[in-house]
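A structural walkthrough
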Amino acid sequence: MPVRLRSRLASSLPCTHVLRALGAATLLALLSACAGRTAATSSASPVPSTAELLACCGDDAMGVGLRIAADYREPAITTRRFTHEQYWNAVLPVVTHAGFRVEEVGRSLHGRPLRTITIGTGRDTVLLWSQMHGDESTASMALADLFRWFANTRAEDRDDALRARIMQGLTLVFLPMLNPDGAERFQRENALGVDINRDARNLATPEARALKAVRDRQRPAFGFNLHDQNARTRVGRDGVQAAIALLAPPHDASREYNAVRSRARLVAATLAMSFGTELPQRVAKYDDGFNPRAFGDLMQQWGTSTVLIESGALPGDPEKQRLRALHVGALLSVFDALATGAYRAADPAWYESLPFNTGGASDLLITGGQLVLPGQAPARVDLAVNFDDAVARTGGRVREVGDLADVVAIDTLDVRGLFLHPAASALVRDAAGAVLRIGAPAVFDVRRGAQPESPLVRTIGAAP
Ligand SMILES: [Zn+2]
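Remember, predicted model here, so these are calculated numbers, not experimental data.

Rules of the game
- Residues numbered from 1 in each chain as written.
- Predicted model: local features only at pLDDT ≥ 70, side-chain atom pairs only at ≥ 80, totals over all residues.
- Helix = DSSP H or I, 4+ residues; strand = E, 2+ residues; numbered from the N terminus.
- Buried ≥ 20, exposed ≤ 12 C-beta atoms within 10 Å, placed from the backbone.
- Contact = placed C-beta atoms within 7 Å.
- Pairing = 2+ DSSP bridges.
- Core = buried A, V, L, I, M, F, W, Y, C linked by C-beta atoms within 7 Å.
- Domains from an automatic or database assignment.
- pLDDT = per-residue confidence, 0-100.

**Considering the overall build of the chain**
What the chain contains, in helices and strands, is 13 helices and 21 strands. Sorting the 464 residues of the chain into buried and exposed places 50% on the buried side. Contacts in the chain between residues far apart in sequence, at least 24 positions, make up 75% of those at least 6 positions apart.

**A word on the sheet that holds strand S20 (residues 444-447)**
An order of S13-S12-S17-S20-S21 is seen for the five strands of this open sheet, with the pairing classed as mixed. Two strands bound the open sheet, and with one partner strand each, they are strand S13 (379-380) and strand S21 (456-460). Relative to S20, strand S17 (residues 419-422) is paired through four bridges, and the arrangement is antiparallel. Across the sheet, Phe419 pairs through a bridge with Arg447, a residue of S20.

**Side note on the nonpolar core**
Counting residues in each nonpolar core, the largest one holds 102 residues, and the members touching the most others are Leu246, Ala268, Leu271, Ala272 and Val307. It is helix H12 (residues 321-340) that provides the largest number of residues to this core, a total of twelve residues. Of the domains in this structure, domain 1 (8-358) and domain 2 (362-460) are the two that each give at least three residues to this core. Discounting residues that sit within four places of it in the chain, Leu246 has contacts with Ala268, Leu271, Ala272, Val283, Lys285, Tyr286, Val307, Leu308, Ile309, Tyr351 and Leu354. One finds Ala361, Leu364, Val372 and Ala442 within the second-largest nonpolar core, a separate group that totals 20 residues.

**With respect to the confidence of the model for the chain**
A residue-level look at the chain finds 86% of positions with pLDDT of 70 or above and a mean pLDDT of 88. Contacts for the low-pLDDT stretch residues 1-59, under 50 throughout, to residues beyond four places or in other chains number 87 contacts.

**Re the pairing of strand S18 (residues 427-430)**
One ladder, built from four bridges, connects S18 with strand S19 (residues 433-436); its direction is antiparallel. Within S19, the position partnered with Arg429 by the bridge is Ala434. As consecutive antiparallel partners, S18 and S19 are separated by two residues.

Structural data, given as structure tokens:
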């Protein structure tokens, strides 16, 4: 378990030990009361503002959420890749329970049922949909865990107050795994080859039509568009790999903040705080150009305050199980903030100050070494490597060789003064000698000298 650090934003605002000592439930009740107070009177008060409370103690709420994520983790789902059948075999027994309403709202092109699961009786409806891109499953895993938590029927549970507050304040409508045909092959598009998130205007796919019909019937106040993004994305130009990216999408090309988008920005700010407490420097803001074919943007246009959450990747989290748990924590925190109204006191700057996502990085840059082909003099070149699986960082392939001083990468390996000897598997041979091809397996011995028998320092890319 990594050491938990408070975000830069959190630490920039005051915090009292008394408030930190409060349980999350008490705290969020206080937030709720305080939100009403700040709406009524804007003058300075000896009571900390809601913003200060949120800033102070968002990490406490996240701590509760992470404990819940561990306690209620769906044990049948342990990796990123699972089918519709596996998912619903795990989830259906959990949600066949008095507190849930399960409804088939359509079928995929190949006939797989699309279902909503509804929880709660509150005034504000919240619609969450996951995995409209079939290979983006992090949030689907987290939703399975949340269903187990909502289903808990133990006589006395320490989360009862939190659960009751959310279920009384909100009507949560979940539509998990919107693209089951894509999930079956772990591909982005549906069976027709259509990117469902570019089908919000045309509605040519049954999956897009199902989502639009649910929105039109439920008229949700809030929406959560749950995705995974390219792992080769960094926080700003010079930052580390992005673990999370957030967006309150524009409702039209002007990108102005009308009431609907402004409310979404407060939700995004609340999420930035929650994720940021656990992932300092690893939360980014997604590009906010208007896309008239995308669901997030059109949901905003249709009047649902919508936030995009993108899971990126984390070092040492090859199956995104840590990101899954962080989703449970952040979603519970934001549900509570929506149920109590505390989100209204969030500071838009918590979202606006996030650096933009920056894509296009290589996975690994090997810099400073000399490359030695058999029988040839060494050459002073850098190598860029991309992994076949950029999340798990397995299956490295040579992407570029040469002067790569301006290439940005998720990781950099400095082999200054050392010699890179490609393994036989990295080379092809023609009549005149060995050739290192772009796309070849990136398997190298790093040695002290140019001779193949010189001392070995380490290997790169060898099978474990
Ligand atoms: Zn996506």
